[in-house]
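Below are the chains, spelled out letter by letter.
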Amino acid sequence: MACLLETPIRMSVLSEVTASSRHYVDRLFDPDPQKVLQGVIDMKNAVIGNNKQKANLIVLGAVPRLLYLLQQETSSTELKTECAVVLGSLAMGTENNVKSLLDCHIIPALLQGLLSPDLKFIEACLRCLRTIFTSPVTPEELLYTDATVIPHLMALLSRSRYTQEYICQIFSHCCKGPDHQTILFNHGAVQNIAHLLTSVSYKVRMQALKCFSVLAFENPQVSMTLVNVLVDGELLPQIFVKMLQRDKPIEMQLTSAKCLTYMCRAGAIRTDDNCIVLKTLPCLVRMCSKERLLEERVEGAETLAYLIEPDVELQRIASITDHLIAMLADYFKYPSSVSAITDIKRLDHDLKHAHELRQAAFKLYASLGANDEDIRKKIIETENMMDRIVTGLSESSVKVRLAAVRCLHSLSRSVQQLRTSFQDHAVWKPLMKVLQNAPDEILVVASSMLCNLLLEFSPSKEPILESGAVELLCGLTQSENPALRVNGIWALMNMAFQAEQKIKADILRSLSTEQLFRLLSDSDLNVLMKTLGLLRNLLSTRPHIDKIMSTHGKQIMQAVTLILEGEHNIEVKEQTLCILANIADGTTAKELIMTNDDILQKIKYYMGHSHVKLQLAAMFCISNLIWNEEEGSQERQDKLRDMGIVDILHKLSQSPDSNLCDKAKMALQQYLA
């Protein structure tokens, strides 16, 4: 019986919930226009601040009717305006509300409304569009579908301070990436918005500023234009600097700092310009202090990290400004049990977002320590820093994990730290754990850091090898992501450097010759270069060369031939000739060259090449083949003489390049000895 009762109960609950709202919708269908208008006004008053009522009205079908009234030519302007206001209020509810409005095609209807001559109606439509476009569920592309929309919005900018505020807000939210920047730029965004920075309305100035920050981000064309724009006789960068001053609202200081940062990173302002060194950088450091709100500290640290990332001088200045390195340590203690936050709502918000502070601190530490050894040392000596980074590697938030790995990668560029702090904290253990199962963006940075930990002077190299790194790295070389293939092969190359025969054998076994040759024909140049580097490291020290060539010689010689015949650059061919020189240094392996006339002809060809690097590499091959003290040298010398190699050596001994000349003379002495 319970099963039979279930449906009626649910129906009655629904009818109770919606019955009180139904009369609002019914009134929208009244034949008397005045009653319809009053119904819309009453609906507007009923939904303000009432999400439950908003949801009920949407369920009861209010939206299609409101949109119909908004688009009807017979509707009065007042009715149309009130409909736009109610729709805007519904959009201010939940994300589901916005989805429902989008499903009813609200955006084309509101954009059509912007063609009206009535300013109040235009403002209501823009206010509703602003609310919809600032919702995370709205695709930005909807603003650009109709090519006439952007120029029309530009034209409406001059109508009132409200049109200015809403349109700038729409632009700043819908400008995502270079395509959107180009569309707005080509329709005169810079010229149309620049004068709004001197508006009497704070909201207009603020939204215009936000527009410039999104337009300039990673965009040299926009940034170079902004540098030269004059507003009331003042250049834009000077206006931005004025907005950075301490007496301005924090939001304005931060956004101005972002504009100047983005223009600097895009190459429009020099990194040593006073507006960056004396104004922007100190402003961003100020934003990191514990007096600021959580979101201000996050934005300040992340923007500063971006500003100083490529410039060692800015990194040094930042590191000694207001004890920044110590100040960032507070990002990990927030909110503390003795926090001064008395507002429970704010405390709840900050507890939920505390991970963003940790992420921002890791990002800024990574930028600070990118180049300078002293700064890295200061960071690592900051209280419990290595423990915090290690903890960050296993946080639930992917963004925090990524930032922690980036920070660790930045610090791992230090030889001294690899030998000390990294070893003391056994950093390789959590790193190997991260590499087992992580998204590609984390894998790229973590595997890049592993390359540093596998350098021959790193004490972590041995334990990493013992923990199954060879299989893991060989797996990375099969990734579809070229950056992961590069890092996998790069780490194997570092691992093979001056390694024991057993490690080299493990690498070759795990990688397989098939995969090695796939990598040698990889379309990514970096992958090819690192694979050649791996081969070169594997084929070093005579016993190793002979052992590897006895088992893989045929395939390796085949690969070398293909590369030397292919359309490759100088660096690739030089590396390949160096591999041949290593093979020629083997005791038994050199016979694989001497019995391969095709390879010998190629070495001869490169001895006469126009590029000195290739001539030198080919010379190394010849020197190793004719060296007197080795068994069979006479036969090899005779064969190479018959090929005309001695004549080439005489020519090269007259070379203007001193290095090449010396090598040729040394080789000739082997014939005379």
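All of these numbers come straight from a predicted model, not from anything done at the bench.

Our focus in this paragraph is the nonpolar core. Within the largest apolar cluster, 242 residues are counted, with the highest numbers of intra-cluster contacts made by Phe-212, Leu-368 and Leu-580. In terms of domain composition, this core takes at least three residues from each of domain 1 (413-537) and domain 2 (565-672). Those residues in contact with Phe-212, other than ones at most four positions away along the chain, are Val-190, Ile-193, Ala-194, Leu-197, Leu-226, Leu-236, Phe-240 and Cys-259.

The next thing to look at is the side chain of Gln-53. On the secondary structure map, Gln-53 appears in helix α3 (residues 51-59). Since its relative accessible area comes to 12%, Gln-53 is described here as buried. Those residues in contact with Gln-53, other than ones at most four positions away along the chain, are Ser-21, Tyr-24, Ala-46 and Val-47.

According to the domain assignment, the protein consists of domain 1 (413-537) and domain 2 (565-672). Using only C-alpha atoms to locate each centre, domain 1 and domain 2 end up separated by 32 Å. Contact residues are listed per partner, giving seven residues for domain 1 and nine residues for domain 2. Approximately 730 Å² of surface area, both sides summed, lies buried where domain 1 meets domain 2, with 70% of it carried by carbon and sulfur atoms. Its largest share of buried area at the contact with domain 2, domain 1 owes to Met-529, Leu-532 and Arg-536, together 70% of the area lost on that side. One can count zero salt bridges joining domain 1 with domain 2. Run the count over domain 1 and domain 2 and you get two residue pairs in polar contact (both at pLDDT 80 or more). Each residue belonging to the side of domain 1 that touches domain 2 can be placed in one class, and the counts come to five nonpolar, one polar and one charged.

With that out of the way, let us pick up the environment of Asp-647. Along the polypeptide, Asp-647 turns up in helix α41 (residues 645-652). Asp-647 gets classed as exposed once you look at its relative accessible area, which sits at 55%. Along the primary structure Asp-647 and Ile-389 are separated by 258 residues, whereas in three dimensions their C-alpha atoms are 62 Å apart.

Here we take up the environment of Lys-290. With respect to the helices and strands, Lys-290 occurs in the loop between α17 (274-286) and α18 (294-308). What Lys-290 contacts, discounting residues up to four positions off in sequence, is Arg-297 and Asp-330.

A residue-level look at the protein finds 96% of positions with pLDDT of 70 or above and a mean pLDDT of 92. Low pLDDT, under 50, characterises residues 1-15; the predicted model gives this stretch zero contacts beyond four residues in sequence or across chains.

Looking now at helix α36 (residues 570-584). Under the 1.5 Å per step criterion, the end-to-end length of α36 is 21 Å for 15 residues, consistent within 8% with the ideal 21 Å. For α36, a buried count of twelve out of 15 residues is recorded, marking the element as mostly surrounded by other parts of the structure. Turning to α36, its buried residues are Val-572, Lys-573, Gln-575, Thr-576, Leu-577, Cys-578, Ile-579, Leu-580, Ala-581, Asn-582, Ile-583 and Ala-584. On its buried side, α36 packs onto α34 (525-538), α35 (542-565), α37 (591-594), α38 (597-607) and α39 (612-626). Here α36 starts with a cap whose side-chain oxygen sits 3.2 Å from the backbone nitrogen of Glu-571, and that cap is Asn-569.

Bringing the packing of α34 against α36 into the picture now. Look at α34 against α36: their axes get within 9 Å of each other, and the N-to-C directions meet at 15°. For the element pair α34 / α36, the angle class is roughly parallel. When you trace α34 past α36, the crossing you get is left-handed. For the pair formed by α34 and α36, the contact residues are Leu-525, Leu-528, Met-529, Leu-532, Gly-533, Leu-535 and Arg-536 on the first element and Glu-571, Val-572, Gln-575, Thr-576, Cys-578, Ile-579 and Asn-582 on the second.

Rules behind the numbers
Residues numbered from 1 in each chain as written. Predicted model: local features only at pLDDT ≥ 70, side-chain atom pairs only at ≥ 80, totals over all residues. Heavy atoms only, no water. Core = buried A, V, L, I, M, F, W, Y, C linked by side-chain atoms within 4.5 Å. Buried < 20%, exposed > 50% of the residue type's maximum accessible area, 1.4 Å probe, protein only. Domains from an automatic or database assignment. Contact = heavy atoms within 4.5 Å. Helix = DSSP H or I, 4+ residues; strand = E, 2+ residues; numbered from the N terminus. Buried area = accessible area lost by both parts, 1.4 Å probe. Salt bridge = Lys/Arg side-chain N within 4 Å of Asp/Glu carboxyl O. Polar contact = N/O pair within 3.5 Å; in protein donor to acceptor, adjacent residues only side chain to side chain. Nonpolar A, V, L, I, M, F, W, Y, C, P; charged D, E, K, R; others polar. pLDDT = per-residue confidence, 0-100. Expected span 1.5 Å × (residues − 1). Axes fitted to C-alpha atoms, helices over the stretch in contact; angles between N-to-C directions. Parallel < 35°, antiparallel > 145°, perpendicular 65-115°, else oblique. Left-handed = near helix turned anticlockwise from the far one by under 90°.

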